[in-house]
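# Structural characterization, general
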Amino acid sequence: MTLLQVMPQDAPQDVLLRTRDGARIAALLKELGVEYGHWELRATVTADTTQEELLDSYRAEIDALRARDGLLVVDVAQLLPAPGPEWEERAAKARSTFLEEHRHAEDEVRFFAHGTGCFYLHIEGKVYAVVCEAGDLLSVPAGTLHWFDMGPRPEFAAIRFFKEEDGWVGDFTEDPIAQGFPRLDSLLAGDQ
(Lines give C-alpha, C1' and ligand atoms only; values in the text may rest on other atoms or scores of the structure.)
Protein backbone atom coordinates (compact mmCIF):
# COMPACT_ATOMS: atom_id res chain seq x y z
CA MET A 1 0.00 0.00 0.00
CA THR A 2 1.23 3.44 -0.87
CA LEU A 3 2.47 5.82 1.81
CA LEU A 4 2.00 9.59 1.67
CA GLN A 5 3.87 11.97 3.93
CA VAL A 6 3.36 15.73 3.59
CA MET A 7 5.90 18.26 4.90
CA PRO A 8 6.36 22.03 4.59
CA GLN A 9 9.02 22.90 2.00
CA ASP A 10 11.00 24.82 4.60
CA ALA A 11 10.55 22.40 7.54
CA PRO A 12 11.03 18.76 6.45
CA GLN A 13 11.04 17.62 10.08
CA ASP A 14 7.41 18.73 10.48
CA VAL A 15 5.00 16.05 9.30
CA LEU A 16 1.66 17.59 8.34
CA LEU A 17 0.14 14.29 7.24
CA ARG A 18 1.25 10.67 7.12
CA THR A 19 -1.16 8.05 5.80
CA ARG A 20 -1.44 4.70 4.06
CA ASP A 21 -5.16 5.18 3.38
CA GLY A 22 -5.34 4.69 -0.41
CA ALA A 23 -8.63 6.54 -0.85
CA ARG A 24 -7.37 9.53 1.14
CA ILE A 25 -4.10 9.55 -0.82
CA ALA A 26 -5.91 9.41 -4.16
CA ALA A 27 -8.28 12.23 -3.17
CA LEU A 28 -5.52 14.51 -1.89
CA LEU A 29 -3.32 13.90 -4.94
CA LYS A 30 -6.29 14.49 -7.26
CA GLU A 31 -6.71 17.96 -5.73
CA LEU A 32 -3.10 18.61 -6.84
CA GLY A 33 -3.74 17.32 -10.37
CA VAL A 34 -1.79 14.12 -9.70
CA GLU A 35 -3.41 10.85 -10.72
CA TYR A 36 -2.98 7.85 -8.45
CA GLY A 37 -4.41 4.43 -9.16
CA HIS A 38 -3.80 0.75 -8.64
CA TRP A 39 -3.56 -2.13 -11.09
CA GLU A 40 -3.87 -5.78 -10.14
CA LEU A 41 -0.46 -7.44 -10.15
CA ARG A 42 -0.15 -10.00 -12.93
CA ALA A 43 3.57 -10.74 -13.17
CA THR A 44 6.40 -11.84 -10.94
CA VAL A 45 9.48 -9.83 -11.83
CA THR A 46 12.90 -11.48 -11.68
CA ALA A 47 16.26 -10.69 -13.21
CA ASP A 48 15.24 -12.95 -16.11
CA THR A 49 11.95 -11.17 -16.86
CA THR A 50 12.20 -9.42 -20.22
CA GLN A 51 10.68 -6.04 -20.98
CA GLU A 52 8.30 -7.64 -23.48
CA GLU A 53 7.13 -10.27 -20.97
CA LEU A 54 6.37 -7.57 -18.43
CA LEU A 55 4.58 -5.37 -20.95
CA ASP A 56 2.54 -8.33 -22.22
CA SER A 57 1.37 -9.06 -18.66
CA TYR A 58 -0.30 -5.62 -18.50
CA ARG A 59 -1.22 -5.21 -22.20
CA ALA A 60 -4.91 -4.42 -21.60
CA GLU A 61 -4.17 -1.70 -19.02
CA ILE A 62 -1.31 -0.29 -21.09
CA ASP A 63 -3.42 -0.08 -24.25
CA ALA A 64 -6.29 1.59 -22.39
CA LEU A 65 -4.00 4.19 -20.78
CA ARG A 66 -2.20 4.89 -24.06
CA ALA A 67 -5.50 5.42 -25.87
CA ARG A 68 -6.92 7.64 -23.11
CA ASP A 69 -3.88 9.91 -22.76
CA GLY A 70 -2.26 9.76 -26.21
CA LEU A 71 0.87 8.06 -24.89
CA LEU A 72 2.99 6.76 -27.76
CA VAL A 73 6.09 5.37 -26.06
CA VAL A 74 6.08 2.63 -23.43
CA ASP A 75 9.14 1.00 -21.87
CA VAL A 76 10.37 -0.55 -18.64
CA ALA A 77 12.87 0.93 -16.21
CA GLN A 78 14.13 -1.56 -13.69
CA LEU A 79 16.91 -1.97 -11.22
CA LEU A 80 17.12 -5.27 -9.38
CA PRO A 81 19.81 -6.18 -6.85
CA ALA A 82 22.77 -8.16 -8.16
CA PRO A 83 26.01 -9.26 -6.53
CA GLY A 84 29.17 -7.27 -6.98
CA PRO A 85 30.54 -3.75 -7.02
CA GLU A 86 29.46 -3.06 -10.63
CA TRP A 87 25.79 -3.21 -9.65
CA GLU A 88 26.41 -1.17 -6.49
CA GLU A 89 28.09 1.58 -8.53
CA ARG A 90 25.29 1.57 -11.11
CA ALA A 91 22.64 1.70 -8.37
CA ALA A 92 24.38 4.56 -6.52
CA LYS A 93 24.74 6.58 -9.73
CA ALA A 94 21.10 6.03 -10.71
CA ARG A 95 19.90 6.99 -7.25
CA SER A 96 21.95 10.18 -7.06
CA THR A 97 20.84 11.36 -10.51
CA PHE A 98 17.15 11.47 -9.71
CA LEU A 99 17.55 12.76 -6.13
CA GLU A 100 17.86 16.26 -7.57
CA GLU A 101 14.78 18.42 -8.07
CA HIS A 102 13.62 18.55 -11.68
CA ARG A 103 10.58 18.76 -13.94
CA HIS A 104 9.57 17.24 -17.25
CA ALA A 105 8.00 18.78 -20.33
CA GLU A 106 5.33 16.06 -20.31
CA ASP A 107 3.47 14.06 -17.68
CA GLU A 108 5.56 11.50 -15.82
CA VAL A 109 3.46 8.33 -15.80
CA ARG A 110 4.73 5.24 -13.98
CA PHE A 111 3.26 1.88 -13.05
CA PHE A 112 5.22 -0.04 -10.43
CA ALA A 113 5.09 -3.71 -11.44
CA HIS A 114 7.61 -4.62 -8.75
CA GLY A 115 9.37 -3.05 -5.80
CA THR A 116 9.30 0.41 -4.30
CA GLY A 117 10.26 4.01 -5.07
CA CYS A 118 9.36 7.44 -3.75
CA PHE A 119 8.28 10.51 -5.71
CA TYR A 120 8.68 13.79 -3.84
CA LEU A 121 6.31 16.37 -5.31
CA HIS A 122 7.15 20.00 -4.55
CA ILE A 123 3.82 21.80 -4.88
CA GLU A 124 2.49 25.04 -3.37
CA GLY A 125 4.97 25.30 -0.51
CA LYS A 126 4.79 21.65 0.51
CA VAL A 127 6.59 18.43 -0.31
CA TYR A 128 4.42 15.36 -0.85
CA ALA A 129 6.48 12.18 -0.45
CA VAL A 130 4.55 9.47 -2.30
CA VAL A 131 6.01 6.01 -1.69
CA CYS A 132 4.84 3.82 -4.57
CA GLU A 133 4.78 0.06 -4.23
CA ALA A 134 4.02 -2.79 -6.60
CA GLY A 135 0.62 -2.22 -8.19
CA ASP A 136 0.67 1.58 -7.92
CA LEU A 137 0.17 3.88 -10.91
CA LEU A 138 1.19 7.52 -10.56
CA SER A 139 0.89 10.31 -13.13
CA VAL A 140 2.71 13.52 -12.25
CA PRO A 141 1.64 16.50 -14.42
CA ALA A 142 4.14 18.11 -16.77
CA GLY A 143 6.08 20.92 -15.14
CA THR A 144 5.64 19.63 -11.57
CA LEU A 145 8.82 20.05 -9.53
CA HIS A 146 9.83 16.72 -8.04
CA TRP A 147 12.59 14.22 -7.35
CA PHE A 148 12.68 10.45 -7.03
CA ASP A 149 14.39 8.14 -4.54
CA MET A 150 14.85 4.48 -5.36
CA GLY A 151 16.47 3.74 -2.00
CA PRO A 152 19.95 2.63 -0.93
CA ARG A 153 19.44 -0.84 -2.44
CA PRO A 154 17.12 -0.20 -5.38
CA GLU A 155 14.64 -2.88 -6.32
CA PHE A 156 11.90 -1.90 -8.72
CA ALA A 157 10.47 -2.43 -12.18
CA ALA A 158 8.32 0.40 -13.51
CA ILE A 159 6.46 0.65 -16.79
CA ARG A 160 7.00 4.16 -18.13
CA PHE A 161 4.73 6.03 -20.53
CA PHE A 162 5.64 8.99 -22.75
CA LYS A 163 4.27 11.02 -25.61
CA GLU A 164 7.77 11.57 -27.03
CA GLU A 165 10.95 9.43 -27.01
CA ASP A 166 12.75 11.99 -24.83
CA GLY A 167 9.83 12.49 -22.44
CA TRP A 168 11.87 11.12 -19.53
CA VAL A 169 14.57 13.82 -19.82
CA GLY A 170 14.52 16.10 -16.80
CA ASP A 171 15.01 19.86 -16.53
CA PHE A 172 17.02 20.11 -13.31
CA THR A 173 16.52 23.22 -11.13
CA GLU A 174 19.84 23.02 -9.23
CA ASP A 175 17.88 23.82 -6.07
CA PRO A 176 19.30 21.73 -3.18
CA ILE A 177 15.87 21.30 -1.53
CA ALA A 178 15.87 17.52 -1.95
CA GLN A 179 18.90 17.16 0.33
CA GLY A 180 16.91 18.21 3.41
CA PHE A 181 14.08 15.69 3.16
CA PRO A 182 13.93 12.14 4.55
CA ARG A 183 15.00 9.47 2.07
CA LEU A 184 12.89 6.47 1.11
CA ASP A 185 14.53 4.21 3.71
CA SER A 186 13.80 6.73 6.48
CA LEU A 187 10.18 7.09 5.41
CA LEU A 188 9.69 3.34 5.48
CA ALA A 189 11.51 3.00 8.81
CA GLY A 190 8.91 5.36 10.29
CA ASP A 191 6.34 2.55 9.93
CA GLN A 192 8.24 0.30 12.32
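Please read all numbers here as calculations on a predicted model, not as lab measurements.

By size, the foremost hydrophobic cluster in this structure holds 24 residues, and its most contacted members are Leu29, Leu121 and Leu138. Secondary structure elements with two or more residues in this core: β1 (3–8), α1 (22–31), α4 (85–98), β6 (108–123), β7 (126–133), β8 (136–140) and β10 (156–162). Of the residues forming this core, the biggest block, four residues, is contributed by β6. Once residues within four sequence positions are removed from consideration, Leu29 is found in contact with Val34, Tyr36, Leu121, Val130 and Leu138. Core analysis: the next-biggest nonpolar cluster, separate from the first, contains 18 residues, Val45, Tyr58, Leu80 and Ile159 among them.

Take Asp136: it is sitting in strand β8. Taking C-alpha positions, Asp136 is 18 Å from Asp185, a pair spaced 49 residues apart along the chain. Once you skip the residues sitting within four places of it in the chain, Asp136 turns out to touch Thr2, Tyr36, Gly37, His38, Arg110, Phe111, Phe112 and Val131.

Looking now at the pairing of β1. Across the six residues of β1, six count as buried, placing the element largely inside the fold. A two-sided burial pattern is seen for β1, the buried positions comprising Leu3, Gln5 and Met7 on one face and Leu4, Val6 and Pro8 on the other. Bridge count between β1 and β7: six bridges; the pairing is antiparallel. Residue Pro8 lies in a different strand from β7, and its bridge partner there is Lys126. With three bridges joining them, β1 and strand β2 (residues 17–19) adopt antiparallel strand pairing.

What counts and what doesn't
- Sequence positions are assigned chain by chain, starting from 1 and proceeding in written order.
- Local features in this predicted model are restricted to residues whose pLDDT is 70 or higher, and side-chain atom pairs enter the listing and the counts only when it is 80 or higher, whereas totals over whole chains, interfaces and linings include all residues.
- Only heavy atoms go into the side-chain values, all of them from the structure, while hydrogens and water stay out.
- To qualify as a nonpolar core, a set must consist of buried Ala, Val, Leu, Ile, Met, Phe, Trp, Tyr and Cys residues joined through side-chain atoms within 4.5 Å.
- Throughout, exposure labels follow a simple rule: accessible area from a 1.4 Å probe, protein chains only, divided by the maximum for the residue type, with under 20% read as buried, over 50% as exposed, and the rest as partly exposed.
- Strands are runs of DSSP state E lasting at least two residues, helices are runs of H or I lasting at least four, and both sets are numbered from the N terminus onward.
- Throughout, a contact is declared for two residues whenever any of their heavy atoms are within 4.5 Å.
- Paired strands, in this sense, are two strands between which DSSP finds at least two bridges.

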